[in-house]
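The chain contents come next:
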Amino acid sequence: MKRIPFWRRYARLLRPDVRADVNDELRFHLAAKVDQLVAEGMRPEVARREAERQFGDVRTLQELGERLGEERERTQQRKDYWDSFAQDLRYALRTLGRDRAFTLITVLILALGIAANTSVFSVVNTVLLRPLPFPDSEQLTWLESGKEFNTGLRESIGLSGVTYTVDAYEEFQRHNQSFQQVTSYNPFFGNGEFTLTGRGEPQAVLGLMIAGNFFQTLGVQPMLGRLFTSEEIKKGGRPAAVLSYAFWQRQFAGDPNIVGQAILLNKTPFTVVGVMPSSFDFGSVFSPGLRMDLYVPAYMDDLRHWGNTLALVGRLKPGVSVAQAQAEADILFPQFKAAHKDWYEAYASTITGLKEFVTGRLRRSLIVLWCAVGVILLIVGVNLSNLLLARAAGRSKEFAMRMALGAGRGRLIRQLLTESLVLSIAGALMGLGLAYAITTYLAHQGSIALPLLASVRVDGAALGWTVLIAVSTAILFGFAPGLKISSGNIQDSLKDTGAGMSSGRKHERMRAVLVISEVALACVLLVGAGLLLRSFLKVLDVDLGFQPSRAAVIKVDYDAGENGKRTGPVLREMLRNIDAIPGVESAGVADMLPLGRNRSWGFQGKGIQYPKEVARVALVRIVTPGYVDAMGMRLLEGRDFSWQDTLEKESVVIINQTAARRFFPGQDPVGRLGQVGGRDTRVIGILSDVRQHSLELGATPEMYLSAAQAPPEGAELVVRTKLPPEALASTIMHTLRSLNPAQPAAEFRPLGQIVDHAVSPRRFFVMLVACFAALGLILASLGIYGVISYSVTRQTQEIGIRMALGATAYQVQRGVIARALRLALAGVALGIIGAFGVAKWIASMLFGTRPTDPVTFAGIVLLLCAVALLAGYLPARRASRIDPMIALRTS
Amino acid sequence: MDKTQLDLVRGTLDVLILKALMWGRLHGYAITDLILRQSDDALLVEEGTLYPALWRLENKGWVESEWGLSENNRKAKFYRLTSAGRRHLREETKTWEAYAAAVGKVLGATRPPVPEESR
């Protein structure tokens, strides 16, 4: 840097403004000229006139001078500013370099705080703030039927309760005025399960049955090839498929020549007509955690007879609001129902923005998460303020000296802000690196059922956010110490010999306030995390109605023969072989497992009259004998299915407790007749309730039908083993292959995995919040430790005197620890008040835990006190080891 | 003051001012005076051109100014070369010399140039 000449400041003092400068300069020139002319012999007044004549147009010259002068002034100011900034910067780097330990801790704390914030922001941004990855995505809406049912009922019916028949879909498509396009897909994904053969090992692939205008409505184009033609989407047309990008990469190694080739799905040749781009991921938007492999046309003429099979997505016309569309739908659907007496329900619909449907349920959780990291950032800021204050206390002489030498207050604050800015930039850089790692990790967690998670990354917005929080943190934690220092009395500081003097008291009070607020914030965070954690444990603790441990499940493929006639015998043969494997305890097949896909059929007790509000539907599971045992479900009454319950025999059904209570009030259902979809069926047993939709949602009516009597939709083989299931995986696979060479290579998944998947969003939030709370706790304890430790150092002399006067080590220790506890308790008292508010706010996220859960609150208070004790104990031990002689001599 | 005076060739004024300041700090009047005397009264820099040039030089950072007292105790603004200005002067001097030599050669020629192809 260039040296600023000393006269610059001097000149600045004498130079009030540019105009005067120019005037002075020109006046001098004139005077000099007059002098010369006079010296040459002219009379003074003549000389003056002559000089002025020669000078010419002074006004213009003056104006030019002023303009140039102002310009110079501006550049000079800028230069001075950057010069002193560079000076501050070098100074900051030098002092921070001298204080390595301090710098390292500070940067580390900042990095953690910023990493947490940037990562959470990236998630929030991707899931909540950014529009869905479709063009004009704000026009996309989600339609859900079942508005006429109450919420509880709709939830208990599951997917069947919110979907539409083909007729309802087509009627709405035809008559609505609000939408550019309405499209649909079949959300009963089991209908799209195929076995891919003829390309290496048989593979289970998941296909989505979509309406012909599905991609067009969403506004996505295939990356290769084309979408379906109007012939292909009709029944009887040439079977065609569009591949997802991931499946194309995995199965066909990204070979572009696959387009136009035929692949065998369930032994039927499908022509691959296109490949979707990697940016289109059906699962991440519509069904988090699901990996969709390919898309096939939904043949509406087939689906027409299957009942409620379609989920609807619409694209609004420009300028039409969701509310307008809703108002129209409210009029249209009752009209349809009136025109079609045979419709089973009215399909009264709720229309929401697609974005709202995808992420609406997560909003509360994500905002909680965002607030949690915000609190972390506050704690980080307070902690750093504290650290800087401690440091500033040690530097008060340096600052006093600089002030005495003429540095202004503003200048000192600027210097301190530069220091904190350097620290927070370093922290931000490190934090960004960490955040990048965290988001990359999250984006690859396919098992977490959160929408759009795969596209989480640190993008421009996240970068901007990071800069924003880094700078504001720097100001937050740099400003307080700055003000503190510069307001101090110079003389006091210069005289103060450091330890033991009273001037440190004020400092210490401010630091105590900071620590108390830190503890209070950490307390709020910990209580929140504690409540969520307790809810999570409660969720894991619910009675699932089945036993996930020591059981595993594998998707099986079999040849059901003409009209599924062979289903019974084939499955019986398969299970006989599986049962014969040593180590297998029991085995059974079901078409759908709990906590996964579901569908409902009509059910009622024969000859029983129900009040109008009782919905006569129940979830359907089509199972084989042995399934109940293999799942570890409890048969409360009656018997399990047997292989004798065949097509020729009487239809039989097993229902759960809830169904028994609802459909046979005050009766013993076993042995009575029920009606499944209108068909008489004998109730042969009652099972305990199973958590079908999620762990949190209570029991709903269920019925189990025999696979030999009703058509299963897919097949999941559940095996309960005496050995760890993995040990049997290859034997079981071998057995399945020997029975059916087309058995796809499917994963032998532990049954616990479906439970894990169901709780993954909750686990995700709990883990993050718990991590943040732990971070907060560590920072708060660091804060307590710092303050107590510093005060012990400062009071070395005083302690020395007290010990010399007979205080025991125990008394000294007690004094120090008591101080630490007082700080912690003050913080906890404040924190608990805040925590009550927060707990009420997150009440809807809790499960089986009251927001005022005394166990959590008491636990957190104890935890904080224990941590405060520990943080106080270390300095206390040091204090008690002070040697009075040395302490008194050192000052 | 009616002397035969030469109009300044465009762009040379800056160099002349810088050169004038080479021996030390000067105020504006002294600069005109010095240039006039050193050019044997051939080059008179008028106020209307001198000051704008000086101020621009200052904005470019080639000269810097300070207030001081003149020979007869008047408050005057003195200019001095900065190191950047000194460097610029050296470069410009070289350019000027090369230019002058080239012009001199052309103007001092006594016979037409040798035809290109005979060389």
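The rules behind the values
- Residue numbering note: each chain is counted from 1, following its sequence as written.
- Think of it this way: whatever chain is written first is A, whatever ligand is written first is 1, and the rest follow in order.
- Per-residue local features of the predicted model are confined to residues with pLDDT of at least 70, and side-chain atom pairs are confined, for both listing and counting, to 80 or more; whole-chain, interface and lining totals are unaffected and use all residues.
- Secondary structure elements follow DSSP: runs of H or I no shorter than four residues count as helices, runs of E no shorter than two count as strands, and numbering proceeds from the N terminus.
- With C-beta atoms placed from the backbone, a residue is buried if 20 or more other C-beta atoms are within 10 Å of its own, exposed if 12 or fewer are, and partly exposed between those counts.
- Once C-beta atoms are placed from the backbone, any two residues with those atoms within 7 Å are in contact.
- For the radius of gyration, the atom set is restricted to C-alpha positions; the globular benchmark scales as 2.2 Å times the number of residues to the power 0.38.
- By the convention adopted, Pro, Cys, Tyr, Trp, Phe, Met, Ile, Leu, Val and Ala count as nonpolar, Lys, Arg, Asp and Glu as charged, and the other residues, Gly among them, as polar.
- Any nonpolar core is a set of buried residues, restricted to Ala, Val, Leu, Ile, Met, Phe, Trp, Tyr and Cys, that join up through C-beta atoms within 7 Å.
- A pair of strands counts as paired when DSSP detects no fewer than two bridges linking them.
- Note that domain bounds follow an automatic or database assignment of domains.
- For every element, the axis is a line fit to its C-alpha atoms; helices are fit only across the contacting stretch, and the angle between N-to-C directions ranges from 0 to 180 degrees.
- Relative orientations are named as follows: roughly parallel for angles under 35 degrees, roughly antiparallel for angles over 145 degrees, roughly perpendicular for angles from 65 to 115 degrees, and oblique for any other angle.
- Left-handed is the label given to a crossing in which the near helix is rotated counterclockwise from the far helix by less than a right angle, and right-handed is the label when the rotation is clockwise.
- Every helix has an expected span of 1.5 Å times one less than the residues it contains.
- A score from 0 to 100, pLDDT tells how confident the predictor is in each residue.

Caption draft 1: Layout of the overall build of chain B. Within chain B, the secondary structure is distributed over 4 helices and 3 strands. The order of α-helices and β-strands along chain B, N terminus first, is α-β-α-α-β-β-α. Counting over 119 residues, chain B shows a buried share of 24%. In chain B, once contacts between residues fewer than 6 apart in sequence are set aside, the share between residues at least 24 apart is 50%.

Caption draft 2: Here's a closer look at the overall build of chain A. When its secondary structure is counted, chain A shows 27 helices and 22 strands. Rg of the C-alpha trace for chain A: 39 Å, well past the compact-globule value of 29 Å for 891 residues, more than 25% over. Principal-axis analysis of the C-alpha atoms gives chain A an extent of 135 × 90 × 55 Å. The buried share of chain A, reckoned over its 891 residues, is 44%. Taking all contacts inside chain A whose residues are at least 6 apart in sequence as the whole, residues at least 24 apart take part in 84%.

Caption draft 3: Main features of the environment of L862 of chain A. Structurally, L862 of chain A is set in helix 26 (residues 854–880). Distance in space between the C-alpha atoms of L862 of chain A and V828 of chain A is 9.9 Å, their sequence separation being 34 residues.

Caption draft 4: Structural context of the interface of chain A and chain B. On the side of chain B, 19 residues touch chain A, which itself brings 21 residues to the contact. Of all elements in the fold, only helix 1 (6–14), helix 2 (18–39) and helix 4 (58–98) of chain A reach the threshold of two or more residues within the side of chain A that touches chain B. The element best represented in the side of chain A that touches chain B is helix 2 of chain A, accounting for 8 residues. Residue composition of the side of chain A that touches chain B, by class: 10 nonpolar, 4 polar and 7 charged.

Caption draft 5: Representation of the nonpolar core. By size, the foremost hydrophobic cluster in this structure holds 235 residues, and its most contacted members are V519, C523, V718 and I784 of chain A. With sequence-adjacent residues up to four places away left out, V718 of chain A is seen in contact with A551, V553, A587, G588, A590, Y627, A630, M631 and L751 of chain A. Residues L61 of chain A together with Y29, I35 and L54 of chain B belong to the second largest nonpolar core, which totals 22 residues.

Caption draft 6: Structural view of the pairing of strand 21 (residues 716–721) of chain A. Residues and elements named next belong to chain A. Burial analysis of strand 21 places 6 of its 6 residues in the buried class, the great majority of the element. Judged by which residues are buried, strand 21 turns out to be covered on both faces: E716, V718 and R720 on one side and L717, V719 and T721 on the other are all buried. Of the pairings in the sheet, the one linking strand 12 (residues 551–555) to strand 21 comprises 5 bridges and is antiparallel in character. In the strand pairing of strand 21, I554 is matched with L717.

Caption draft 7: Highlighting the sheet that holds strand 3 (residues 75–81) of chain B. Residues and elements named next belong to chain B. Overall, antiparallel pairing links the 3 strands, which are arranged 1-3-2 in an open sheet. In this open sheet, the two edge strands, each paired with only one partner strand, are strand 1 (26–27) and strand 2 (63–69). As paired strands, strand 1 and strand 3 are joined by 2 bridges and run antiparallel to one another. Its bridge partner lying in strand 3, H27 is registered against F78.

Caption draft 8: Spotlight on the domain arrangement of chain A. All names here are of chain A. One can read the domain layout of chain A as domain 1 (6–84), domain 2 (99–133 + 362–496), domain 3 (137–361), domain 4 (520–542 + 757–891) and domain 5 (551–750). The C-alpha-based centres of domain 4 and domain 5 are spaced at 52 Å. Each partner contributes to the interface: domain 4 provides 5 residues, whereas domain 5 provides 5 residues. The class makeup of the residues in the side of domain 4 that touches domain 5 is 5 nonpolar, no polar and no charged.

Caption draft 9: Molecular detail of the packing of helix 4 of chain A against helix 15 (residues 409–443) of chain A. Residues and elements named next belong to chain A. Close contact between helix 4 and helix 15 brings their axes to 9 Å; oriented N to C, the two are set at 60°. As judged from the angle between their axes, helix 4 and helix 15 are oblique. Seen along the crossing, helix 4 lies across helix 15 with a hand that is right-handed. Where helix 4 abuts helix 15, its residues F85, D88, L89, Y91, A92, L93 and L96 lie against R414, Q415, T418, E419 and V422. Classifying every residue of the contact of helix 4 with helix 15 by side-chain character gives 7 nonpolar, 2 polar and 3 charged.

Caption draft 10: Spotlight on helix 3 (residues 44–55) of chain A. Between the first and last C-alpha of helix 3 of chain A there are 16 Å, a value that for 12 residues agrees with the 16 Å anticipated at 1.5 Å per step. Just beyond helix 3 of chain A, the residue with positive phi is G56 of chain A, at close to 80°.

Caption draft 11: View of helix 1 (residues 12–20) of chain B. Among all positions in helix 1 of chain B, only L16, I17, L18 and A20 of chain B are buried. Where the residues of helix 1 of chain B are buried, they touch strand 1, helix 2 (28–38), helix 3 (47–60), strand 3 and helix 4 (83–107) of chain B.

Caption draft 12: Structural context of the environment of Y29 of chain B. Mapped onto the elements of the fold, Y29 of chain B is located in helix 2. Judged by local crowding, Y29 of chain B falls into the buried class, with 21 C-beta atoms found within 10 Å. Separated by 16 residues in sequence, Y29 of chain B and V45 of chain B place their C-alpha atoms 9.8 Å apart. Not counting chain neighbours up to four residues away, the residues in contact with Y29 of chain B comprise H29, A32 and K33 of chain A.

Caption draft 13: The arrangement of the pairing of strand 4 (residues 203–210) of chain A in detail. Residues and elements named next belong to chain A. Pairing geometry for strand 3 (residues 193–197) and strand 4, over 4 bridges, is antiparallel. If you follow F194 over to strand 4, its bridge partner there is V205. As paired strands, strand 4 and strand 9 (residues 294–297) are joined by 4 bridges and run parallel to one another. Each bridged residue has a counterpart across the sheet, and for M209 the counterpart in strand 9 is V296.

Caption draft 14: Examining the environment of N186 of chain A more closely. Residue and element names in this part refer to chain A. Mapped onto the elements, N186 comes out in the loop between strand 2 (179–185) and strand 3. For N186, a count of 21 C-beta atoms within 10 Å corresponds to the buried category. For N186 and I210, which are 24 residues apart along the polypeptide, the C-alpha to C-alpha distance reads 6.4 Å. Sequence-distant contacts of N186, that is, excluding residues within four places in its chain, are made with N191, G192, M209, A298, L303, T309 and L310.

Caption draft 15: Structural view of unusual backbone geometry. Residue and element names in this part refer to chain A. Unusually for a residue other than glycine, L452 sits at a positive phi of about 65°. Inspection of the secondary structure assignment puts L452 in the loop between helix 15 and helix 16 (460–487). Residue L452 is classed as buried on the basis of its C-beta count, with 21 C-beta atoms lying within 10 Å. Residue R550 is not a glycine yet carries a positive backbone phi of 55°. Secondary-structure assignment places R550 in the loop between helix 18 (504–540) and strand 12. R550 sits in the partly exposed class, given 17 other C-beta atoms within 10 Å.

Caption draft 16: Local environment of the confidence of the model for chain B. On average, residues of chain B score 84 in pLDDT, and 88% of them reach the 70 mark or higher. The complex prediction reports pTM at 0.74, with the ipTM value standing at 0.84.

Caption draft 17: How the structure looks around the confidence of the model for chain A. Across chain A, the average pLDDT comes to 86, with 95% of residues at or above 70. When the criterion is pLDDT under 50, residues 498–503 of chain A qualifies, and its contacts beyond four places in sequence or with other chains add up to 13 contacts.

Caption draft 18: Structural view of the packing of helix 25 (residues 809–841) of chain A against helix 26 of chain A. Residues and elements named next belong to chain A. Put simply, helix 25 and helix 26 touch, their axes get as near as 8 Å, and they point 150° apart. Here helix 25 is positioned roughly antiparallel relative to helix 26, judged by the angle of their axes. Between helix 25 and helix 26 lies a crossing whose hand is right-handed. Residues of the contact of helix 25 with helix 26, tallied by class, amount to 21 nonpolar, 3 polar and 2 charged.

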